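# Observations on chain architecture
These are the residues of each chain, in order.
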Amino acid sequence: MNVREAIFTRRAVRAYASATVDEETVRSLLRAAVQAPSAMNRQPWLFAIVQDRGQLKRYSDRAKAMVLAQMAGDPKTAHYEDRLKSPAFDIFYGVSTLVVIGAAERGPYTDADCWLAAENLMLTAREAGLGSCCIGFAISLLNTPEVKAELGFPPAGAAIAPLIVGYPAAEPSPPVPRSEPKVVSWSGLRS
């Protein structure tokens, strides 16, 4: 699979087989992640890997409660309320591997650097036949002092990009139509 094919066929996967991603595959994904560009080559990223299903369940339950408490009056997230209240809903979709990309401390470009690493990881996962999905619902929980400590992030650090990675239960869905790029300005010569 070439990089263009990976870009155009990568999808957010939300249904996973029960198999666990092995250590060497996870390490391969991390090696790809750290090839991302970073501002001034600071390479701020740290990685926490969670493959303990009990820990994932505990994090899911706590994150749902936090999101429900924070969403009061937020029309963007209100349509998730019923799902988040369901004890059966797992924000990690039953996956066996959570990769949390974070940093030892935040700086002006740290978030962008970590998200660039996340994109490298997700595209490499796609090439390897794995599915992935960003889990925004987890961010608040992962940045609580106790969970940061549990994951090994320093107190001044931050969990920035939580990604689930695993073996898809089915083939990825077909491409979602995308709008053409909306170019609002283009200075200089064009042919």
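Please read these numbers as outputs of a predicted model, since none were measured by experiment.

## Details of helix α3 (residues 53–70)
Here α3 is 18 residues long and its end C-alpha atoms lie 25 Å apart, about the 26 Å a rise of 1.5 Å per residue gives. The set of residues buried in α3 consists of Gln55, Leu56, Tyr59, Ser60, Ala63, Lys64 and Val67. All buried residues of α3 fall inside an arc of 165° around its axis, so they share one side. Its buried side turned inward, α3 meets β1 (45–50), α4 (81–85), β2 (97–103), α6 (139–142) and α7 (145–151). The backbone nitrogen of Gly54 has a side-chain oxygen 2.9 Å away, supplied by the residue at the start of α3, namely Asp52.

## Things to note about the sheet that holds β2
Here we have four strands laid out as an open sheet, ordered β1-β2-β4-β3, and antiparallel in their pairing. Each of the sheet's edge strands pairs with one partner strand only, and the pair in question is β1 and β3 (131–134). Across the sheet, the axes of successive neighbouring strands diverge by a mean angle of 25°, strand direction being ignored. In terms of strand pairing, β2 meets strand β4 (residues 158–166) through seven bridges, oriented antiparallel. Its bridge partner lying in β4, Leu98 is registered against Ile164.

## What to know about helix α5 (residues 110–127)
End to end, α5 covers 26 Å across 18 residues, agreeing with the expected 26 Å (1.5 Å per residue, within 8%). Of all the residues in α5, the buried ones are Thr110, Asp113, Cys114, Ala117, Ala118, Leu121, Met122, Leu123, Thr124, Ala125 and Arg126. Buried residues along α5 sit in contact with α1 (3–9), α2 (23–33), β1, β2, β3 and β4. Gly129 sits one or two positions beyond α5 and adopts a positive phi of about 85°.

## Let's talk about unusual backbone geometry
It is generally the case that most residues other than glycine have a negative phi and that most peptide bonds are trans. A positive phi angle, close to 55°, is found at Met40, a residue other than glycine. Assessed through its relative accessible area of 66%, Met40 is described here as exposed. Residue Asn41 is not a glycine yet carries a positive backbone phi of 55°. The topology assignment puts Asn41 in the loop between α2 and β1.

## What about the packing of aromatic side chains?
Enumeration over the complete set of coordinates arrives at two aromatic pairs. Judged by centre distance (5.2 Å) and plane angle (90°), the ring pair of Tyr80 and Phe137 falls under edge-to-face. Of this pair, Tyr80 sits in the loop between α3 and α4 while Phe137 sits in the loop between β3 and α6, placing them 57 residues apart in sequence. Owing to a relative accessible area of 26%, Tyr80 belongs among the partly exposed residues under this scheme. The class of Phe137 is buried, set by a relative accessible area of 19%. Aromatic side chains Phe89 and Tyr93 sit 5.8 Å apart centroid to centroid with 80° between the ring planes, which places their arrangement in the edge-to-face category.

## As for empty space enclosed by the protein
All chains considered together, the criterion is met by one cavity of 30 Å³ or more. For the largest cavity, the calculated volume is near 50 Å³. Every residue lining the largest cavity is listed: Thr9, Arg10, Arg11, Val13, Met122, Arg126, Leu130, Gly131, Ser132, Pro168 and Pro172. Secondary structure elements with two or more residues in the lining of the largest cavity: α5 and β3.

## Brief notes about the packing of α2 against α5
Where α2 contacts α5, the two axes come as close as 7 Å, and the packing angle between them is 135°. The angle between α2 and α5 places the two elements in the oblique class. Of the two elements, α2 crosses α5, and the hand of that crossing is right-handed. Counted together, Leu29, Leu30, Ala32 and Ala33 of α2 and Ala117, Asn120, Leu121, Thr124 and Ala125 of α5 form the full contact between these two elements.

Rules of the game
Residues numbered from 1 in each chain as written. Predicted model: local features only at pLDDT ≥ 70, side-chain atom pairs only at ≥ 80, totals over all residues. Heavy atoms only, no water. Helix = DSSP H or I, 4+ residues; strand = E, 2+ residues; numbered from the N terminus. Expected span 1.5 Å × (residues − 1). Buried < 20%, exposed > 50% of the residue type's maximum accessible area, 1.4 Å probe, protein only. Arc of directions from axis to C-beta. Contact = heavy atoms within 4.5 Å. Polar contact = N/O pair within 3.5 Å; in protein donor to acceptor, adjacent residues only side chain to side chain. Pairing = 2+ DSSP bridges. Axes fitted to C-alpha atoms, helices over the stretch in contact; angles between N-to-C directions. Phe/Tyr/Trp six-rings, centres within 6.5 Å; stacked < 30°, edge-to-face > 60°. 1 Å grid on protein atoms, 1.4 Å probe; cavity = no way out; pocket = protein on both sides within 12 Å on 5 of 7 lines; lining within 4 Å. Points joined across faces, edges and corners; volume = space filled by probe spheres on them. Parallel < 35°, antiparallel > 145°, perpendicular 65-115°, else oblique. Left-handed = near helix turned anticlockwise from the far one by under 90°.

The analysis is restricted to geometry; functional conclusions fall outside its scope.
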